[in-house]
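Single-letter residue listing:
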Amino acid sequence: MEQLLAEATERTRHALGGSRKAPDLSRLARDVARRAGVTDAELRSGRRRRAVSRARQRFCQMAVTRAGVPGAAVARFLGVTTSAVNRSVAGAGGQG
């Protein structure tokens, strides 16, 4: 049973592109920023302009909940605290 489970997990990993260790946060940041009409530099800055804040929240939500990146890794990428990332993800639940 354990062997079957391990084989199924490996097949799923291959099917989902599991050879990558982590999603490319830089690419995701560029995409989110472009769609929000801000620069990726603004996304990674401490700016509090509404469009930037919303883009940052969207980025956190996508990176953590959809791509499965740990909040701490997202926080390091953005230069914010893990708590800020977690609040962004939790606050995004009712939006979108």
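Our subject is the structure that appears above.
Throughout what follows, the structure given in this document is the object of discussion. The residue count restarts for each chain, going from 1 along the sequence in the order it is written. Local features in this predicted model are restricted to residues of pLDDT 70 or higher, and side-chain atom pairs are both shown and tallied only at a pLDDT of 80 or more, whereas totals for entire chains, interfaces and linings draw on every residue. Only heavy atoms go into the side-chain values, all of them from the structure, while hydrogens and water stay out.

Some thoughts on the nonpolar core
Only buried residues count toward a nonpolar core. Its members are Ala, Val, Leu, Ile, Met, Phe, Trp, Tyr and Cys residues joined through side-chain atoms within 4.5 Å. Summary of the burial criterion: residues with accessible area below 20% of their type's maximum are buried, those above 50% are exposed, and those between are partly exposed, where the area comes from a 1.4 Å probe applied to protein chains only. One finds Phe59, Val74 and Leu78 to be the most contacted residues of the largest nonpolar core, which totals 21 residues. If you list the elements that add at least two residues to this core, you get α2 (25-36), α4 (50-66), α5 (71-78) and α6 (82-91). Per-element tally for this core: the top contributor is α4, with six residues. For this analysis, residues touch if any pair of their heavy atoms sits within 4.5 Å. Once you skip the residues sitting within four places of it in the chain, phenylalanine 59 turns out to touch Leu25, Leu28, Ala29, Val32, Leu43, Val74, Phe77 and Leu78. The helix count covers DSSP runs of H or I at least four residues long, the strand count covers runs of E at least two residues long, and both are numbered beginning at the N terminus.

What about the pattern of salt bridges?
For side chains bearing opposite charge, pairing can occur when the charged atoms are close. For this document, the term salt bridge refers to a Lys or Arg side-chain nitrogen within 4 Å of an Asp or Glu carboxyl oxygen. The final tally for this structure, using the stated rule, is five salt bridges. Ionic pairing is found between aspartate 24 and arginine 27, a salt bridge with its closest N-O pair at 4.0 Å. According to the relative accessible area criterion, aspartate 24 is partly exposed, its value standing at 38%. On the basis of relative accessible area, arginine 27 is assigned to the exposed category, the value being 54%. Between arginine 35 and aspartate 31 there is a salt bridge, and its shortest N-O distance comes to 3.1 Å.

Quick word on the packing of aromatic side chains
By convention, a stacked pair of Phe, Tyr or Trp rings (six-membered ring in the case of Trp) has centres within 6.5 Å and planes under 30 degrees apart, an edge-to-face pair has planes over 60 apart, and any other such pair is tilted. Enumeration according to the criterion identifies one aromatic pair in this entry. For a Lys NZ or an Arg CZ to count as sitting over a ring, it must be within 6 Å of the ring centre and within 35 degrees of the ring normal. Arginine 44 extends its terminal NZ or CZ atom over the ring of phenylalanine 77, reaching a point 3.9 Å from the ring centre.

With respect to the packing of α4 against α6
Axis geometry follows a simple rule: fit a line to the C-alpha atoms, using only the stretch in contact for helices, then measure angles between N-to-C directions, giving values from 0 to 180 degrees. Two elements in contact, α4 and α6, have axes separated by 8 Å at closest approach and are oriented at 90°. Accordingly, the angle class assigned to the pair α4 and α6 is roughly perpendicular. Each of Gln57, Cys60, Gln61, Val64 and Thr65 in α4 lies in contact with α6, whose residues at this interface are Val85, Ser88, Val89 and Gly91. Lys, Arg, Asp and Glu make up the charged group, whereas Ala, Val, Leu, Ile, Met, Phe, Trp, Tyr, Cys and Pro make up the nonpolar group; the residues left over, Gly among them, are polar. Classifying every residue of the contact of α4 with α6 by side-chain character gives four nonpolar, five polar and no charged. Convention used here: angles under 35 degrees read as roughly parallel, angles over 145 as roughly antiparallel, angles from 65 to 115 as roughly perpendicular, and any remaining angle as oblique.

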